[in-house]
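# Reading the structure
Read off the chains here:
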Amino acid sequence: PSTYLKYGTHRLGKRPDPLMQRWRDYGFGQFIHWGAFAITEGQWKGKNYPGATEFISTWNEVSKNEYESLHKQFDPKEFNATAWARQAKEMGVQYMIFTTKHHDGFCLWPSKYTNYTIANSPYKKDIVEEVVNAYDKEGIDVYLYFSIIDWNHPGYRVALKTDADKKSYEQFKTFTANQLKELLHRYPKTKGFWFDGTWDQAWIQQAGFTDSLERELRELHPGLIIGSRFRADEYGRRHFDSNGDLMGDYEQGWERKLPESIEDVHGNDWDCVMTVPENKWGYHSDWGGHVKTSVELIEMMARSVSLDGNFVLNFGPKPQGNMRPEENKLAKEIGAWMKINHEAIYDCDYAGLEKQDWGYITRNNKTGKYYLIIFNPPVSGAVRLKLLPGMGIKKVYDLKNLDTNYNIEEVYKDNKGTEYFIHLKNNPTEPKVIVME
Ligand code: H79
C-alpha cells in the first residue's frame, strides 16, 4: 500500500521518450574529473595525500586560503578538448559526464554568481563550453556533473543547527538554483545533470525546494535527464521515496560497484561510474593500490549492459590538460575491443536468459540478436547456453570472424527450456563475442 507523498517520485516506471531511450542505449560512457584539485596532483608541499585528489582541500595539511588560490596558477597549456573528444570517440563511448563544479566549489565555467571560477584563472576561457562543443562535434552526448556540496560558498552548510545557519542556507539555495539555470542557459546542448554531494542533512531537509527546482529545470530544458541523487522526499528518503519508488530518471547509486544480478536493479534504468584505480577521480600522481586493466573494465561494461545499465569510466586529466599515459593505453585497448565488438554493447539490454559462469549475455533491442560475451572460457571448451521454451537457434557465429561455424549440441530439454553446448574451437585469449540469432 502506498502513502501519499507530496515530494515523492514524479513518475512510476521507466521513462518512455526517445531521449531516455537514447540514454538507455548508450551502454558505455566517459566521466571526466577536472578542476583546481588536479593542480595539486595529489601532493601538498612534498607530502603525498593518500586519499582522492578531489578531497585534498579537506586534509589538515592544506590551508583553505592556499587551496582557494591554486586556480591562479591554472593555465593548462596542453588542454585540447578536441583531442579528448576524439580519444573518447575512438574508445567507443556514446556519452560523457564532465565536472562543471566539484565539492571545492571551483567552477570550470565563468559563473556570474561567484568569483571562484575559471574566469579568474590565467586560462580565463570557458572550459565547459570547449568540452561541450568538442564532444558534441564527435556525436557524443554531454552531461554536466554538478556537486551540491560547495566548500567555497559562505552559505553552504552540512546541517542547519541555528537560525543563522538557516538564513545563510537560503542564500546558498538561491545560488545553487541560479547556477543550475545558468548552466542550462549557457549549454543548451547538454542532455542532463549528474548530481553529487546531495547527502548532507541540510540538503535532505529541502524536499519542497528541491521538488520544485527539479520541475523548473525540466521545464527549462525539455527532456532533461536527472538521476536519483538530486533530492530527497519529505521523510528524507533518497534515491527511492518512502513508497520505494525510484526518484529521477535512473538509479544513480552504483558508484564504484556493480549489481550482482538482475534482481538488484528492480527493473530500473541505472548507471555505474567507475575509477581506474581503487578510489581516485581527479588526477593523482600516485594512484597506489590496484589499477584496473582494460579486460577488467570491459568485463564491467559487459556486465552492466547485460543487467540493463550503462557503464561510465572515469578519466582524470593532468594539470596541463593532457591525459595520463595509463589512461591513454586503456582508451586504446578498450577502443580496439569496441571497434570489433560494439554491437554487443550499443542498443543492448538484459537478454532475459539465465546468467552463465563463462560471462554475460546481452540482446540488441533493435535487431533482437543475442551476444555471448565470454570472459571465462570453460576448460571443456563447451559454452553452456540455456534457452527458454519456444526459442531455437538459427545461427551462431563469431563477431570477429563472421564465417565461424560452431558445432552446437543439444544437451537437455524439459518444459523450462533447452540447454545447448556451443563448442569452442580454440580457447580465446581476449574477451570474445559470439552472436546468436
Ligand atoms: O566525484 C567523485 C567523488 O569525489 C564523489 N563522487 C564521485 C563521483 C564523492 N564524494 N564523496 N564520496 C564520493 C564518498 C562519499 C561517501 C559518503 Fe555517503 C557520503 C559516505 C557518507 C556520506 C553517500 C551517503 C554514500 C554513503 C552514504
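Named according to an unreviewed UniProt entry, the chain is alpha-L-fucosidase originating from Niabella ginsengisoli. Quoted verbatim from the Sequence similarities (unreviewed entry) field of UniProt, the annotation for the chain is "Belongs to the glycosyl hydrolase 29 family."

Taking 1.5 Å per residue, 17 residues should reach 24 Å; helix 9 (residues 325-341) reaches 24 Å between its end C-alpha atoms and fits that length. When helix 9 is considered as a whole, its buried residues turn out to be E327, L330, A331, I334, W337, M338 and N341. Projected onto a plane normal to the axis of helix 9, the buried residues spread over an arc of 140 degrees and lie on a single side. Of the exposed residues in helix 9, those oriented more than 90 degrees away from the buried face are P325 and K339. Where helix 9 is buried, its residues meet helix 3 (81-91), helix 8 (294-306), strand 10 (309-315) and strand 18 (432-436).

A few words on the environment of G208. One can find G208 in helix 7 (residues 207-220). Residue class for G208 comes out exposed when judged on the 12 C-beta atoms lying within 10 Å of it. Sequence separation between G208 and K6 is 202 residues, and the spatial gap between their C-alpha atoms is 8.2 Å.

Every residue lining the ligand is accounted for by H33, A52, E54, D196, W199, E255, V273 and W281. When the residues that make up the shell around the ligand are grouped by side-chain class, the tally is four nonpolar, one polar and three charged.

A few words now on the pairing of strand 1 (residues 28-32). It is a general feature of regular strands that their side chains alternate between the two faces of the sheet. Of all five residues in strand 1, five are buried, a share of seventy percent or more. Alternating residues of strand 1 divide into F28, Q30 and I32 and G29 and F31, and every residue in both groups is buried. Direction of pairing for strand 1 relative to strand 10: parallel, over a ladder of five bridges. Residue pairing across strands places I32 opposite F315, the latter belonging to strand 10. Summarising the sheet, strand 1 and strand 4 (residues 95-101) pair through four bridges and their orientation is parallel. Bridge pairing in strand 4 links I32 to F98.

It is worth spelling out the domain arrangement of the chain at this point. As far as domains go, the chain holds domain 1 (18-348) and domain 2 (351-436). Taken together, the contacts link 15 residues of domain 1 with 17 residues of domain 2. Breaking the side of domain 1 that touches domain 2 down by element, the ones donating at least two residues are helix 8 and helix 9. At seven residues, the largest contribution of residues to the side of domain 1 that touches domain 2 is made by helix 8. Looking at the side of domain 1 that touches domain 2 residue by residue, the class counts come to eight nonpolar, three polar and four charged.

Cut-off values and rules
- Residues numbered from 1 in each chain as written.
- Predicted model: local features only at pLDDT ≥ 70, side-chain atom pairs only at ≥ 80, totals over all residues.
- UniProt positions renumbered as here; feature names shortened; annotations may be inferred.
- Helix = DSSP H or I, 4+ residues; strand = E, 2+ residues; numbered from the N terminus.
- Expected span 1.5 Å × (residues − 1).
- Buried ≥ 20, exposed ≤ 12 C-beta atoms within 10 Å, placed from the backbone.
- Arc of directions from axis to C-beta.
- Contact = placed C-beta atoms within 7 Å.
- Near = placed C-beta within 6 Å.
- Nonpolar A, V, L, I, M, F, W, Y, C, P; charged D, E, K, R; others polar.
- Pairing = 2+ DSSP bridges.
- Domains from an automatic or database assignment.

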